[in-house]
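A look at the structure
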Amino acid sequence: MDLRKILIAFTCCLSIVLTGSSSAEEKIYLDITGAKLRKLTIAVPPFQSKEQETADSERGRDMADILSRALGFHGFIKPLALTGEEVRSEEKLLSLGVDYTIQGRYELSKENFILEIRLLESGSNRMALGLRYRGQIDLQKRFLLRYADRVIEKLTGQPGVSTSKIAFISDSSGHKEVYLTDILGDDIRRITGHRELAVSPRIAPDGEQLVYTSYHRGNPNLYLTQLNSRTTRPISRRQGVNMAPAWIPDSQELAITLSKDGNPDLYLMKTNGSIVRQLTRNAGINVSPDFSPDGRKMVFVSDRSGTPQLYIMDMSSRTTERLTFSGSENTTPSWSPDGRWIAYTGRINGNHQIFKIRPEGGSPIQLTDSSYDHESPDWSPDSRQIIFSMKRGNTSKLGVISGNGRWPRPLFLLGGNQSQPHWGPRY
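Residues numbered from 1 in each chain as written. Predicted model: local features only at pLDDT ≥ 70, side-chain atom pairs only at ≥ 80, totals over all residues. Heavy atoms only, no water.

1. Remarks on the overall build of the protein chain
Going by this rule: Helix and strand definitions follow DSSP, with helices as H or I runs of at least four residues and strands as E runs of at least two, each counted in order from the N terminus. With C-alpha atoms as the basis for the radius of gyration, the globule rule is written as 2.2 Å multiplied by the number of residues raised to the power 0.38. Throughout, exposure labels follow a simple rule: accessible area from a 1.4 Å probe, protein chains only, divided by the maximum for the residue type, with under 20% read as buried, over 50% as exposed, and the rest as partly exposed. Contacts are residue-level and defined by heavy atoms, with any inter-residue pair within 4.5 Å sufficient.
Along the protein chain, the regular secondary structure elements total 5 helices and 31 strands. For the protein chain, whose C-alpha radius of gyration is 23 Å, the value lies close to the compact-globule estimate of 22 Å for 427 residues. By principal-axis analysis of the C-alpha atoms, the protein chain measures approximately 70 × 50 × 40 Å. Among the 427 residues that make up the protein chain, the fraction classed as buried is 51%. Taking the intrachain contacts of the protein chain between residues at least 6 apart in sequence as the baseline, contacts between residues at least 24 apart amount to 44%.

2. Some words on the nonpolar core
The condition that has to hold: What makes a nonpolar core is a set of buried Ala, Val, Leu, Ile, Met, Phe, Trp, Tyr and Cys residues whose side-chain atoms join them at distances within 4.5 Å.
Ranked by internal contacts, the top residues of the largest apolar core, which has 46 residues, are F47, I102, L115 and Y147. If you list the elements that add at least two residues to this core, you get β2 (40–43), α2 (58–73), β5 (100–108), β6 (113–121), β7 (127–135), α5 (140–156), β8 (164–170) and β29 (395–402). Ranked by the residues each element gives to this core, the list is headed by α5, at 8 residues. Those residues in contact with L115 that sit more than four places away from it in its chain are F47, M63, R105, Y106, L131, R132, Y133, F143 and L144. If you look at the next biggest cluster of nonpolar residues, it comprises 12 residues, including I248, L266, Y311 and M313.

3. Concerning the sheet that holds strand β14 (residues 231–236)
Threshold: Two strands pair if DSSP finds at least two bridges between them. Whenever a helix is involved, its axis is fitted only over the stretch in contact; in every case the axis is a line through C-alpha atoms, and angles between N-to-C directions fall within 0 to 180 degrees.
Taken together, 4 strands build an open sheet; the order of strands is β11-β12-β13-β14 and the sheet is antiparallel. The outermost strands of the open sheet, each flanked by one partner alone, are β11 (198–203) and β14. Geometrically, the sheet is characterised by an average inter-axis angle of 25° between neighbouring strands, direction not taken into account. Judged from the 4 bridges that link them, β11 and strand β12 (residues 209–214) form a sheet pairing that is antiparallel. Its bridge partner being in β12, I203 is matched across the sheet by L210.

4. Quick notes on the sheet that holds strand β31 (residues 418–426)
Strands sit in the order β10-β9-β8-β31 across an open sheet of 4 strands; the sheet is antiparallel. In the strand order of this sheet, the two ends are held by β10 (189–190) and β31, each with one partner. Of the strand pairs in this sheet, strand β9 (residues 177–182) and β10 are connected by 2 bridges, and their pairing is antiparallel. Each residue of the ladder has a partner; that of L180, found in β10, is R189.

5. What to know about α5
Let me state the cut-off plainly: A helix is expected to span 1.5 Å for every residue after the first.
Taking 1.5 Å of rise per residue, 17 residues should cover 24 Å, and α5 covers 25 Å from first to last C-alpha, within 8% of that figure. Considered for burial, the residues of α5 that qualify are Q140, F143, L144, L145, Y147, A148, D149, V151, I152, K154, L155 and T156. G157 occupies a position one or two residues after α5 and carries a positive phi of about 95°.

6. Some points on the pattern of salt bridges
In a structure, side chains of opposite charge can pair up when their charged atoms sit close to one another. Note the cut-off: Just to be clear on terms, a salt bridge is a Lys or Arg side-chain nitrogen sitting within 4 Å of an Asp or Glu carboxyl oxygen.
Summed over the entire model, instances satisfying the criterion amount to 14 salt bridges. Of the charged contacts, one joins K141 and D186 as a salt bridge, the two residues approaching to 3.4 Å between their closest N and O atoms. Placement of the pair is K141 in helix α5 and D186 in the loop between β9 and β10, with a sequence separation of 45 residues. The exposure class assigned to K141 is partly exposed, which follows from its relative accessible area of 24%. Take D186: its relative accessible area is 41%, and that puts it in the partly exposed class.

7. Some words on unusual backbone geometry
Phi angles above zero are rare outside glycine, and A244 is one such case at about 55°. In this structure, A244 sits in strand β15 (residues 242–247). A positive phi angle, near 55°, is found at S288, a position not held by glycine. With respect to the element layout, S288 can be found in strand β19 (residues 286–291).

8. Describing the environment of N286
Going by this rule: Whenever a nitrogen or oxygen atom comes within 3.5 Å of another N or O atom, the pair is scored as a polar contact, on the condition that within protein one atom can donate a hydrogen and the other can accept it, and that pairs from neighbouring residues in sequence are kept only if both atoms are in side chains.
Along the chain, N286 falls in strand β19. Relative accessible area serves as the criterion here: at 0%, N286 is assigned to the buried category. For N286 and T332, which are 46 residues apart along the polypeptide, the C-alpha to C-alpha distance reads 12 Å. Each residue touching N286, except ones within four places of it in the same chain, is listed here: T257, N263, P264, D265, L266, T280, F300, V301, S302 and R304. Of note is the side chain of N286, whose polar atom sits 2.9 Å from the backbone oxygen of G284. Separated by 2.8 Å, the side chains of N286 and R304 make a polar contact.

9. Overview of the packing of aromatic side chains
Our working rule: We call Phe, Tyr and Trp rings a pair once their centres come within 6.5 Å, taking the six-membered ring for Trp, and we label the pair stacked below 30 degrees between planes, edge-to-face above 60, and tilted otherwise.
Scanning all chains against the criterion turns up 8 aromatic pairs. Ring centres of Y133 and F143 lie 5.1 Å apart, and the angle between their planes is 20°; this geometry places the pair in the stacked category. One end of the pair, Y133, is in strand β7; the other, F143, is in helix α5, and 10 residues separate them in sequence. Look at Y133 and you get buried, because its relative accessible area is 1%. With 5.6 Å between their ring centres and 15° between their planes, Y344 and F355 make a pair best called stacked. With Y344 in strand β24 (residues 342–348) and F355 in strand β25 (residues 351–357), the pair connects residues that are 11 residues apart, well separated along the chain.

10. Thoughts on the packing of α2 against α5
The following threshold applies: Put simply, angles under 35 degrees are roughly parallel, angles over 145 are roughly antiparallel, angles from 65 to 115 are roughly perpendicular, and the rest are oblique. Should the near helix be turned anticlockwise from the far one by less than a right angle, the crossing is termed left-handed; should it be turned clockwise, right-handed. Residues are grouped as follows: nonpolar covers Ala, Val, Leu, Ile, Met, Phe, Trp, Tyr, Cys and Pro; charged covers Asp, Glu, Lys and Arg; every other residue, Gly included, is treated as polar.
Their axes nearest at 9 Å, the elements α2 and α5 cross at an angle of 40°. Between α2 and α5, the angle falls in the class oblique. Here α2 and α5 pass one another in a crossing that is right-handed. Contacts between α2 and α5 involve R59, M63, I66, L67, A70 and L71 from the first element and Q140, K141, L144, L145, Y147, A148, V151 and I152 from the second. Residues belonging to the contact of α2 with α5 are distributed by class as follows: 11 nonpolar, 1 polar and 2 charged.

11. Some points on the environment of G273
Mapping G273 onto the fold places it in the loop between β17 (265–270) and β18 (275–278). Separated by 133 residues in the primary sequence, G273 and Q140 have C-alpha atoms spaced 39 Å apart. What G273 contacts, discounting residues up to four positions off in sequence, is I235 and R238.

Shown next, in the form of structure tokens:
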């Protein structure tokens, strides 16, 4: 890690708990998976400058907007963009059903940017969470996203996902390329420029690498990009398919489908391209691997029974058991980071929908139900949300839904089509 990264990492962690925040015994811990939970309403007025406390600056409005969108992204929060005067009116807050308000104050100098943010309970005005950040001005957004995740942690007991990244495929440039974005869709950058079909982007567990398959040399080959240096190198250019990679948690190894010997089978591979071992052998077409959080088991898709179904392999014994039995087409599995669920695409009544099932088996639960297709689910780092692609006719966009099927909504209203999302770790 270079000096700049060390300094940034240190500065981002420089947060001070403000006097008066509630103690560990006063944590709130809402069950956001409950079927009857209503959205919490949080008022977020423009942040105030310490030098001009009575004026709403453009910077103050922008900071309130970023924090509001980060909180709202988590699904169970409804942010309100009220003015400072409206927030000071208890009658106004009561009429709007406001549960919490957020007060932000900042100070900007040549050397430092200082940000103080407080989460206050409506009615009592008691501070539930107060933090102070100090650093360079270009860290402003990072401070706000970190605070949003601390608010989510305060309310639910687990940090939010505001600092995570999402990889996906888009054809907005005229070709299907790999893109990377923050959760708000503000910082979108194209990772590949092959001017040819790219598929299956997967962010590494350390968040610093990304693998994908590209057809730009005619053959579907596997490539690895270092996200910080933006350098790319091939991992596997074996004859036939080199695709559908999946990282083993806390490892520099991944599973990949190769058809170098004819049949598409799964192999364990190092990032230097060397094969560790073959995982499946001539038992139908084997694709779309994903690992349990501890790396001890792998879910994948195989048509060995005659139709595409999900199977689970024990990585030590190599024994394999079939997981799905309902439906004639079940694909693209994603194992939740908490290990409790596997989301996947299932075909029902002529459309693809998102389902989830326990890794030990049982009846699947259908999460989406509409007249268009929902495909390629992937879990958020906190196992509370699922991102997927929504296809209506020839148009494909990204959407997100809570893990229990509530609050479906579209993401990133970008030009072109987006598909095959993958949710990376928190940064």
